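Each chain is listed here by its residues.
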There are 2 protein chains.
Amino acid sequence: MIDRVLSLLHSRQYVELRRLIADMHVADIAEVFSEIPDRESMLRLFRLLPKGVAAETFSYLEPDVQQNIIEAITDVELRSILDDMFLDDCVDLIEEMPANVVRRVLLNTPKENRALINQYLQYPDDSAGSLMTNEYVGLKRGLTAGQALSEIRRTGVDKETIETCFILSKDRRLEGEVLLREIVLADPDTPIEEIMEDYTLSVKTHDDREEVAMLFSKYDVMSIPVVDQENRLVGLITIDDAVDVIQEENTEDFEMMAGMTPSDETYLKTPVLTLAKHRIVWLLVLMFSAMVTGAMLEHFEAAISAIPLLVSFLPMLMDTGGNCGSQASTMIIRGMALDEIDLSDVFRVWWKEVRVALLCSVVLAIFNFLRILIQYRDLEVAAVVCCTLICTVLIAKSLGCLLPMLAKRVRLDPALMAAPMITTITDACSILVFFRFALSFLSARL
Amino acid sequence: MIDRVLSLLHSRQYVELRRLIADMHVADIAEVFSEIPDRESMLRLFRLLPKGVAAETFSYLEPDVQQNIIEAITDVELRSILDDMFLDDCVDLIEEMPANVVRRVLLNTPKENRALINQYLQYPDDSAGSLMTNEYVGLKRGLTAGQALSEIRRTGVDKETIETCFILSKDRRLEGEVLLREIVLADPDTPIEEIMEDYTLSVKTHDDREEVAMLFSKYDVMSIPVVDQENRLVGLITIDDAVDVIQEENTEDFEMMAGMTPSDETYLKTPVLTLAKHRIVWLLVLMFSAMVTGAMLEHFEAAISAIPLLVSFLPMLMDTGGNCGSQASTMIIRGMALDEIDLSDVFRVWWKEVRVALLCSVVLAIFNFLRILIQYRDLEVAAVVCCTLICTVLIAKSLGCLLPMLAKRVRLDPALMAAPMITTITDACSILVFFRFALSFLSARL
């Protein structure tokens, strides 16, 4: 489909192109724009879109395409787009654009929205406030369902959300909510108090947006109202924005857990230099830690020279320790992110990991023991390797569960204590343990 | 709050307890049940819930609590719960219960639902069919908005979703959809054709549920209709179920990427033996691969005995290779999961990683070079380590991006090619490269 649009655009078959676009979803139209290489063609396609579709498509565009189009269109066109955009999309747009584009956008925004936009821009990036929109319907107590429906008809046209309406006191305090479906299904004479929900889940403007997103999956709601310190309604957050937050936060965790600085941009759009910058810090930190581990090996040079075979077990011991540690830390980090594991569970978790470690390490040790006996017929070395293996797995699983919880306890992101960090630490431990055992079991041969 | 409920339940202060529960969300009430240790207390609390609340709470309970309650209540109570449950929740329940409980549930399900439930149970676990519900409103063409609203009032009470209604032909083929909000906001005389959306996103019953969930975040819709091969409407999927799928699929990726068999259960509920079973397979596979790597070291025993210092660089080289590889593979696996990276991008991605690898490895090499010169005053060893480092990082980043894409190409899950696997492979490469360089640069000293 995308290729078809591009070829029609290229050959300037506008009648056919308009017909094709009319059947496409705005999200798909937006995707086409990302594939267009030059600004002139973007502009040609954009001007082909019907007025309503243009504004909606615009909200779905990637920031770099948005910037290209804003810089190319006239003020009149820009104003018409901004008029049709929802306030939260407009705030998102402004947050992504460079200063000169922002100035032009604000100049062409209706005056009454400008103050609101400025207020919304104050909320920190990771707060509930940065996600909300003000496009909701507020209703007073004392209405009947029929009156509420008329009120919604009167004020709802411009509102992003009317499926949930909020019951407000005179000073805009949140008193409850009522679903459009309840209003529609109720007898028109039913007092709204009978169908409204008193128990209303709400969040504060400065609440963490990740925690807010988790509320959607816990309570299965479609929107959550945002209130200020005095419980006055200031906006609402809809589930589609929560889905985006969930995906972004998951991506952030994936990146941190692989030892990278998280970024908002998609991989293909991120410049090479930025990618390298996001990766080099952790690589350096971990490299220095691994150097320390390496330096420890120098202390055992005598043993290595006497029994060079010992060295050949290092990769297996280090990798197994790293893998065991990262299994445990991944489970714990994910469990905490999903609110399934609390800090108060620390002993239960640790005891569980200890038992898992014993089970796994014994199986691994048995395989190793047999293999070394068969291959080298060296009972002592087999004993050293197996004892080390069991200790290493125990240490790795313990660190893997305890360090992420410790990080959370001191208010760091638990995802910092994932595979790369745990691997580096357990490497040092496994090498120390290995040579301690070697020096005592094999002392006669050294 | 949970503690308060538990203590009231324990001291049997039922009046106070009823009042407290009346103000709680069903998801919170369900959470209380998970904290109750004995079946008798669960039952006491469950029987305190008002009738409507009981059924709704039941849908939110953990499977083990559901089973406990079903086994304790009478058939009359069970029937009343099942009557009030949405069909998709009922299907979920049956999927989780053991055979004897399923038999009792089906016996107490209304006859007309039993056939539907059996049909729904046929859909594979990971298909769109397993997520859908049949509780939607279907409308005919030719109605006005006012008539549509009356129709919704007549049929909508039991339906899970009425916010989006579907326009069906006489033989139930999907022709479009219309939002409740459009019906409400339109003039009652408006023909429904004017406010309906012809372009309707739909999925087939056997589509992969992960891909279906991605459609929600791409198109920002609240529900997606499910059709059969002949485009007849068979059900719909709502965004709250899609959110659960997104979280589950993310958890699955996290677990696979740390070398574990994914599981549906939460960490704290999974028995130790199951945890160990899910981890041991990959640990064994990776351990055997690392043994092969170790065996390679035996070929270089002469070099190790001559210059034992070489061994002390192994942890740094192996860890750095592993970290570089897992950074790249994480970015690519995540990018493919989010549909940001296509298989056709393979050369673009690889070329990007090569440049990132060069930038990162040169920085790392410079630090290492200086450190070795200062610490050991050994220019030859410094050269060997730095050349190895650059090659290792290049190999690691290349494998890190190519292997997940190769896995996808041969229809394996790309998450298999994550940190543990990449680390094991790059370990072997870095050791080979290291000793190749050592043998040529340092031949005079061996």
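The numbers attached to residues start from 1 for each chain and follow its sequence in the written order. Each chain gets a letter, beginning with A, and each ligand a number, beginning with 1, in the order they are written. Thresholds applied to this predicted model are a pLDDT of at least 70 for local features of residues and 80 or more for the giving and counting of side-chain atom pairs; totals over whole chains, interfaces and linings are not thresholded and use all residues. Computation of side-chain values covers all heavy atoms of the structure but excludes hydrogens and water.

### Topic: the nonpolar core
Step number 1: Side-chain atoms within 4.5 Å are what join buried Ala, Val, Leu, Ile, Met, Phe, Trp, Tyr and Cys residues into a set we call a nonpolar core. Between buried and exposed lies partly exposed: a residue is buried under 20% and exposed over 50% of the maximum accessible area for its type, with that area taken using a 1.4 Å probe on protein chains only. Among the nonpolar cores identified, the biggest contains 124 residues, and Phe33 of chain A together with Phe33 of chain B are the most heavily contacted of them.
Step number 2: Once residues lying within four places of it in the same chain are set aside, the contact partners of Phe33 of chain B are Met42, Leu45, Phe46, Leu49, Thr57, Leu61, Val65 and Ile69 of chain B. Contacts are assigned to residue pairs that have any heavy atoms within 4.5 Å of one another.

### Some remarks on the pattern of salt bridges
Step number 1: The rule for a salt bridge is simple: a side-chain nitrogen of Lys or Arg has to be within 4 Å of a carboxyl oxygen of Asp or Glu. For the coordinates displayed, the defined rule picks out 36 salt bridges over all chains.
Step number 2: Here Lys218 of chain B makes a salt bridge to Asp28 of chain A, at a shortest N to O gap of 3.1 Å. Residue Lys218 of chain B is located in helix 14 (residues 209-219), and its partner Asp28 of chain A is located in helix 3 (residues 26-35); the two belong to separate chains.
Step number 3: The shortest N-O distance in the salt bridge between Arg154 of chain A and Glu151 of chain A comes to 3.1 Å. Taken together, the residues Arg154 of chain A and Glu151 of chain A, both in helix 11 (residues 145-155) and three residues apart, mark about one turn of the helix.
Step number 4: For Glu151 of chain A, a relative accessible area of 25% translates into the label partly exposed.
Step number 5: Here the salt bridges share partners, and the residues they tie into one network are Arg4, Glu16 and Arg19 of chain A. Segments assigned H or I by DSSP are reported as helices when at least four residues long, segments assigned E as strands when at least two residues long, and all are numbered from the N terminus.

### Some details on the relation of the copies chain B and chain A
Step number 1: What sets the superposition is a least-squares fit of C-alpha atoms, and only residues with pLDDT of at least 70 in both copies go into it. Rotating chain B by 180° and translating it 0.0 Å along the rotation axis places it on chain A, where the RMSD comes to 0.1 Å. Between the two chains, the operation in question is that of a two-fold axis. Across chain B, the rotation axis passes nearest the C-alpha of Ser305 of chain B, at a separation of 2.5 Å.
Step number 2: Counting the interface residues of chain B, we find that 100% of their copies in chain A are interface residues as well, pointing to one common contact surface.

### Describing the interface of chain B and chain A
Step number 1: Counting residues at the interface gives 113 residues for chain B, matched by 113 residues for chain A.
Step number 2: Accessible area, probed at 1.4 Å, shrinks when two parts are joined; the buried area is that loss added up over both. When the two sides are added together, the surface that chain B and chain A hide from each other amounts to roughly 10,500 Å², 68% of it contributed by carbon and sulfur.
Step number 3: A per-residue breakdown of the area chain B buries against chain A is headed by Phe254, Tyr267 and Leu268 of chain B, which together make up 8% of the total.
Step number 4: Where chain B packs against chain A, one counts six salt bridges.
Step number 5: In this structure, Arg279 of chain B engages Glu353 of chain A in a salt bridge whose closest nitrogen and oxygen atoms are separated by 2.9 Å.
Step number 6: As used in this structure description, the phrase polar contact means that two N or O atoms lie within 3.5 Å; if the pair is within protein, one of them must be able to donate a hydrogen and the other to accept it, and residues adjacent in sequence are counted only when both atoms belong to side chains. The tally of links between chain B and chain A comes to 30 residue pairs in polar contact (both at pLDDT 80 or more).
Step number 7: Top element by residues in the side of chain B that touches chain A is helix 16 (residues 272-298) of chain B. It accounts for 17 residues.
Step number 8: Only Asp, Glu, Lys and Arg are considered charged, only Ala, Val, Leu, Ile, Met, Phe, Trp, Tyr, Cys and Pro nonpolar, and every remaining residue, Gly among them, polar. Along the lines of polarity and charge, the residues of the side of chain B that touches chain A split into 62 nonpolar, 22 polar and 29 charged.

### A closer look at the layout of surface pockets
Residue and element names in this part refer to chain A.
Step number 1: Here a cavity denotes grid points, spaced 1 Å and computed from the protein atoms alone, that fit a 1.4 Å probe unable to get out, and a pocket denotes an open set having protein on both sides within 12 Å along at least 5 of 7 lines; residues with an atom within 4 Å of a point are the lining. Grid points are joined across faces, edges and corners, and a volume is the space filled by probe spheres set on the points. In this model, the second largest pocket occupies a volume close to 370 Å³.
Step number 2: Taken together, 16 residues make up the lining of the second largest pocket; nearest its centre are Gly138, Leu139, Lys140, Leu168 and Arg172.
Step number 3: Put simply, the parts of the chain that give the lining of the second largest pocket at least two residues each are strand 1 (138-139) and helix 11.
Step number 4: At three residues, the largest contribution of residues to the lining of the second largest pocket is made by helix 11.
Step number 5: A class-by-class count of the residues in the lining of the second largest pocket yields five nonpolar, four polar and seven charged.

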